[in-house]
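If you want the building blocks of each chain, they are given just below.
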Amino acid sequence: MQAIVYRNFGSPDVLSCEEIPKPAPADNEVLIKVRAAGLNPLDWRLMKGGPWAFRLVMGLHKAKHPGVDVAGEVEAVGSKVSQFKPGDPVFGACRGALAEYVWAPSSGLAVKPENVTFEQAASAPVAGWTALQGLRNKGGLEPGQTVLINGAAGGVGTFAVQIAKHFGAEVTGVCSTSKLDLVQSIGANHVIDYTRQNLSDGNPQYDLILDCVGNLAPPQLRRMLKPDGRCVIIGAPPDAGLLSIMTGLLGLVLVAPFRRQKIGFMIAKRNQTDLRFLADLMAAAKLRPVIDRCYPLAQTADALRYLEAGHVRGKVIVQIAG
């Protein structure tokens with residue numbers, strides 16, 4: 001089968017489309033014939049390799065198979081899998097999604113809604129989990145609260161605007177001029193063009209900020225929050241190093257006991273219940289995945305270059321079969 005592979009860290013030039021053996025599922029796994037895979041910023045961050053310590057853990061020249069978000073049809077199931085059967089359309093998370101076939105733990109999958117394409121389904125897992133868990137779990141979002149989504153036109157942001165609206169929030173989306181119409185079309189009550197307006201002028205203030213960009217310093221965020229507001233940071237600038245991210249996290253932890261306002265980082269966790277919740281919202285047409293571009297498997301490097309450039313509206317998808 002064809003799959004995207006890299007053995008050295010670096011730019012998208014390290015990627016190659018190769019013939020590798022077709023995998024077989026273990027007892028609690030599902031073999032999926034992949035129809036589409038969604039790309040995330042984490043994919044190109046891992047490809048670049050980060051600090052040398054990270055490279056050593058990953059293996060300097062060991063074959064690596066990128067991609068997490070997947071959608072396709074069940075080809076076979078392991079002996080302990082009872083909730084899926086061959087032919088079922090599914091979506092979820094796996095390792096090495098950029099391939100014609102992948103295995104995935106059954107606990108990371110859900111049935112794809114009939115009214116959703118494979119491309120739309122493949123856009124949802126990581127971005128949907130991040131938006132949902134950031135707003136509801138970490139942010140404690142309640143109906144009637146005011147929410148600011150910084151980076152509202154991106155992969156997580158487009159899900160976050162719609163999920164916050166579903167929970168009854170008054171949503172303000174932050175994006176560039178060319179994306180204002182998009183953010184309004186997915187339900188934002190207000191939009192801010194960050195190229196024309198200073199976000200941290202302190203007026204208005206918000207109950208909750210979901211920062212999908214990570215380009216605002218804690219003092220700026222505090223001016224934007226109500227006295228008991230919360231900010232959940234789930235993104236970082238493309239040029240941010242691991243050391244600077246960890247230093248910022250440590251600073252927030254140290255001052256947290258002395259502040260009513262709460263500012264913290266969050267990394268989403270794979271959760272089948274949450275994935276089914278996202279599927280139900282899509283099935284009810286209450287959540288519409290936004291797809292910017294689709295690329296064939298052989299052009300995955302081009303897709304990652306476009307994603308890394310930072311101007312994506314919603315999600316970038318790699319189409320693999322069908």
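One can find the structure itself at the top, above this paragraph.
The following paragraphs examine the structure supplied in this document. (Residues numbered from 1 in each chain as written. Predicted model: local features only at pLDDT ≥ 70, side-chain atom pairs only at ≥ 80, totals over all residues. Heavy atoms only, no water.)

1. Let's talk about the pattern of salt bridges
Stated formally: Each reported salt bridge corresponds to a side-chain nitrogen of Lys or Arg within 4 Å of a carboxyl oxygen of Asp or Glu. Helix numbers and strand numbers start at the N terminus; a helix is a DSSP run of H or I with at least 4 residues, a strand a run of E with at least 2. Only protein chains enter the accessibility calculation, which uses a 1.4 Å probe; a residue whose area is less than 20% of its type maximum is buried, one above 50% is exposed, and one in between is partly exposed.
Taken as a whole and assessed by the stated rule, the structure comprises 12 salt bridges. Here R136 makes a salt bridge to D274, at a shortest N to O gap of 2.9 Å. Taken together, the positions of R136 in helix α4 (residues 125-138) and D274 in helix α9 (residues 272-283) put the pair 138 residues apart, joining distant regions of the chain. Among the salt bridges present, the one from D207 reaches K226, with a minimum N-O distance of 3.4 Å. With D207 in strand β11 (residues 206-211) and K226 in strand β12 (residues 225-233), this pair connects stretches of sequence that are 19 residues apart. Note on K226: relative accessible area 28%, which makes it partly exposed. Because the salt bridges share partners, they merge into one network encompassing D13, D302 and R305.

2. Notes on the packing of α4 against α9
The condition is simple: Axis lines are fitted to C-alpha atoms, over the contacting stretch for helices. Their N-to-C directions set the angle, which ranges from 0 to 180 degrees. Each angle gets one of four labels, with under 35 degrees taken as roughly parallel, over 145 as roughly antiparallel, 65 to 115 as roughly perpendicular, and the rest as oblique. In this analysis, two residues are considered to be in contact whenever any of their non-hydrogen atoms come within 4.5 Å of each other. Just so you know the grouping, Ala, Val, Leu, Ile, Met, Phe, Trp, Tyr, Cys and Pro go in nonpolar, Asp, Glu, Lys and Arg go in charged, and all remaining residues, Gly too, go in polar.
Interhelical geometry of α4 versus α9 gives an angle of 100° and a closest axis separation of 10 Å. When the axis of α4 is compared with that of α9, the two are roughly perpendicular. Of α9, the residues touching α4 (which contributes P125, G128, W129, L132, Q133 and R136) are D274, L275, F277 and L278. Split into classes, the residues belonging to the contact of α4 with α9 amount to 6 nonpolar, 2 polar and 2 charged.

3. So, the side chain of K315
Put simply, the rule reads: Distance and chemistry together define a polar contact, namely a pair of N or O atoms within 3.5 Å, with one atom able to donate a hydrogen and the other to accept it when in protein, and with adjacent residues in sequence counting only for side-chain atoms on both sides.
Note that K315 resides in strand β15 (residues 315-319). At 3.0 Å, the side chain of K315 and the backbone oxygen of L39 are in polar contact. Those residues in contact with K315 that lie beyond four places of it in its chain are L39, N40, D69, S123, A127, G155, F159, V290, I291, D292 and R293.

4. Some points on unusual backbone geometry
Phi is positive for A285, close to 60°, though the residue is something other than glycine. Relative to the elements of secondary structure, A285 occurs in the loop between α9 and β14 (291-296).

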